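Here is how the chains run, residue by residue.
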Amino acid sequence: MLDSMEKTIVAPSVLSADFADFGGALASIADSGADWVHLDVMDGQFVPNLTFGPKLVEDLRRLSSAFFDAHLMVETPELLAPAFAAAGADAITFHLEATVHAHRLLQTIRGLGKKAGISIVPSTPVAMLGDLLPYTDLVLVMTVNPGFGGQDIIPECLDKVRFLADARQKRGLAYLIAVDGGIHEQSAPAAIAAGADVLVTGSAFFNAQDKAAFVRQLREKK
Ligand code: DX5
Ligand code: ZN
């Protein structure tokens, strides 16, 4: 699934779901025709918010065979990544800013048989990812400051997407490029035009009355 780049991948984030009904959220994601389930893990340290740990992923895994895209917004992600792998995450993305040893952790995640992703917050220059790109399956560009759903996109972050698309082509690499934060019907076309393959969407997805129509519209290139 990670190799198919013909169509934009839509990854609804359960951050905006009703936390008393994660099973219902999974069902609404499946019914909508969206591609991935984005799982935002927050530790109250790396970001000023708390969500959930590997137990939730393990329990959701029993309910669904969907692609689970875990986004770890935690300090020292090397301490938690193996637990998310064991819980059944398919991709594990961590933040460059959260560990000294990003290169090692990317390889650890791949060694666990999972897709290895790396993310940067808006204040981190994309050039800092340069040496890591051959070791990553997914680069997640934060288009808001992480921690909360429902924020406005920071449009300058799309320059990073353009840089990553260009670097991928020039260097013959194959990572996917994801955008996360403030993605909705109005902002998605610019993200796709910049080169995004994966659109993470939280509040816009869960607020949409017709989720299937929303997903179709998000994928449309305008
Ligand atoms: C933000 C999370 C996002 C969040 C996006 O820290 O990483 O995945 O759910 O939410 P929206 O789409 O509402 O900006
Ligand atoms: Zn996220």
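Residues numbered from 1 in each chain as written. Chains lettered and ligands numbered in written order. Predicted model: local features only at pLDDT ≥ 70, side-chain atom pairs only at ≥ 80, totals over all residues. Heavy atoms only, no water.

1. Some remarks on the sheet that holds strand β5 (residues 115-120)
Backbone-to-backbone hydrogen bonds join strands into a sheet, with any given pair of strands oriented parallel or antiparallel.
Turning to step 1, where the next piece is worked out: Read across the sheet, eight strands follow the order β1-β8-β7-β6-β5-β4-β3-β2 without closing on themselves; strand pairing throughout is parallel. Here the strands that pair on one side only, and so sit at the sheet edges, are β1 (9-12) and β2 (36-42). For this sheet, the mean angle separating the axes of adjacent strands, direction not counted, is 20 degrees.
Turning to step 2, where the next piece is worked out: As paired elements, β2 and strand β3 (residues 67-73) share seven bridges and run parallel to each other. Across the sheet, the residue bridging to Asp40 is His71, located in β3.
Turning to step 3, where the next piece is worked out: Together, β5, β6 (138-142) and β7 (176-180) form the strand contacts of helix α5 (residues 158-171), whose direction differs from that of β7 by roughly 175 degrees. (Pairing = 2+ DSSP bridges. Helix = DSSP H or I, 4+ residues; strand = E, 2+ residues; numbered from the N terminus. Axes fitted to C-alpha atoms, helices over the stretch in contact; angles between N-to-C directions. Contact = heavy atoms within 4.5 Å.)

2. Details of the site of ligand 1
Turning to step 1, where the next piece is worked out: Asp40, Gly147, Gly150, Asp180 and Ser203 are the nearest of the 20 residues found near ligand 1.
Turning to step 2, where the next piece is worked out: One of the side-chain N or O atoms of Ser13 is found 3.0 Å from an oxygen atom in ligand 1.
Turning to step 3, where the next piece is worked out: Within the backbone of Gly202, an N or O atom sits 2.8 Å from an oxygen atom of ligand 1.
Turning to step 4, where the next piece is worked out: Isolated, ligand 1 exposes 380 Å² of accessible area, and the fraction of that covered by the protein chains is 99%.
Turning to step 5, where the next piece is worked out: Taken atom by atom, the bulk of ligand 1 overlaps the largest pocket.
Turning to step 6, where the next piece is worked out: For the shell around ligand 1, the secondary structure elements donating two or more residues are β2, β3 and β8 (198-201).
Turning to step 7, where the next piece is worked out: In terms of residues, the shell around ligand 1 owes the most to one element, β2, which gives three residues. (Near = heavy atom within 4 Å. Polar contact = N/O pair within 3.5 Å; in protein donor to acceptor, adjacent residues only side chain to side chain. Areas by Shrake-Rupley, 256 points an atom, 1.4 Å probe, with all protein chains shown as cover. 1 Å grid on protein atoms, 1.4 Å probe; cavity = no way out; pocket = protein on both sides within 12 Å on 5 of 7 lines; lining within 4 Å. Sits in = over half its atoms within 2 Å of the grid points.)

3. Here we look at the layout of surface pockets
Turning to step 1, where the next piece is worked out: When its volume is computed, the largest pocket comes out at roughly 240 Å³.
Turning to step 2, where the next piece is worked out: Every residue lining the largest pocket is counted, 24 residues in all, and those nearest its centre are Phe148, Gly149, Asp180, Gly181 and Gly182.
Turning to step 3, where the next piece is worked out: For the lining of the largest pocket, the elements supplying multiple residues, two or more each, are β2, β8 and α7 (203-207).
Turning to step 4, where the next piece is worked out: For the lining of the largest pocket, the residue count by class is ten nonpolar, twelve polar and two charged. (Points joined across faces, edges and corners; volume = space filled by probe spheres on them. Nonpolar A, V, L, I, M, F, W, Y, C, P; charged D, E, K, R; others polar.)

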